[in-house]
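Fold and geometry: a report
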Amino acid sequence: MLHQYYKLPLELEKIVSKKELKKCSLKESIAHHLHLMLTTAFGELLSDEQFGNKLWEEDFDNVSYRNRQKEKILLSLGKTISRFERRIEKVKIEMNVHQEENPSGGDPRMKRRLEFAITAVIAATNEPITYRDGFFISPLAYN
């Protein structure tokens, strides 16, 4: 293997005790990195404030401008991927917003769920890759 990729989350106790960290494939490494890009707000990574996307700056309670909002998020995410994930090319990003009823306690609540599909080609091998991710927003929750 030309490069070694480490599985996330990193086990810091193994680093401190100089033990071997778990490895992952190139596809898994790219998927981990895309997940970090999706779930990071601009300014959250102190070493580079341009890492992240506009998703976390949007107000999802205001549905009157959903298409414009979606375009801004996709453009922002596309710029971040092209800048920080150079192992892939020909990137296409799809984002869908779904409303789901989430019963909690006794009062059913409507929550918005964002679903992402990112398709690309691995630059080194010309192999296709598809990454799917989704989470509830307002309040944020992962599946």
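Residues numbered from 1 in each chain as written. Predicted model: local features only at pLDDT ≥ 70, side-chain atom pairs only at ≥ 80, totals over all residues. Heavy atoms only, no water.

**A few points about the packing of aromatic side chains**
Just so we agree on the cut-off: Stacked, tilted and edge-to-face pairs are distinguished by plane angle, under 30 degrees for stacked and over 60 for edge-to-face with tilted covering the rest, among Phe, Tyr and Trp rings (Trp via its six-membered ring) whose centres lie within 6.5 Å. Secondary structure elements are taken from DSSP: a helix is a run of H or I of four residues or more, a strand is a run of E of two residues or more, and numbering for both begins at the N terminus. Note on classification: 1.4 Å probe, protein chains only; a residue is buried when its accessible area is under 20% of the maximum for its type, exposed when over 50%, partly exposed between these limits. By the criterion adopted, a ring carries a charge over it if an Arg CZ or a Lys NZ lies within 6 Å of its centre and within 35 degrees of its normal.
If you walk through the whole model with that rule in mind, you get two aromatic pairs. Between F51 and F84 the ring centres are 5.1 Å apart and the planes differ by 75 degrees, which places this aromatic pair in the edge-to-face class. In this pair, F51 is assigned in the loop between α2 (26–38) and α3 (66–84) and F84 in helix α3, connecting sequence segments 33 residues apart. Of the residues examined, F84 reaches a relative accessible area of 22% and is grouped as partly exposed. Over the face of the ring belonging to F136 we find R113, whose NZ or CZ atom lies 5.5 Å from the ring centre.

**Let's talk about unusual backbone geometry**
Following L8, the chain continues to P9 via a peptide bond in cis, the omega torsion being -5 degrees. Assignment of secondary structure puts P9 in the loop between β1 (5–6) and α1 (12–16). The backbone of K18 shows a phi angle near 55 degrees, a positive value even though the residue is not glycine. With respect to the helices and strands, K18 occurs in the loop between α1 and β2 (23–24).

**Observations concerning the pattern of salt bridges**
We count it as follows: The term salt bridge refers to a side-chain nitrogen of Lys or Arg lying within 4 Å of a carboxyl oxygen of Asp or Glu.
This model, assessed by the stated rule, comprises seven salt bridges. Two residues, D48 and R83, come together in a salt bridge whose shortest N-O distance is 3.8 Å. Separated by 35 residues along the polypeptide, D48 in the loop between α2 and α3 and R83 in helix α3 bring together distant segments of the chain. Here R87 makes a salt bridge to E85, at a shortest N to O gap of 2.7 Å. Residue classification places E85 among the buried residues on the basis of a relative accessible area of 2%.

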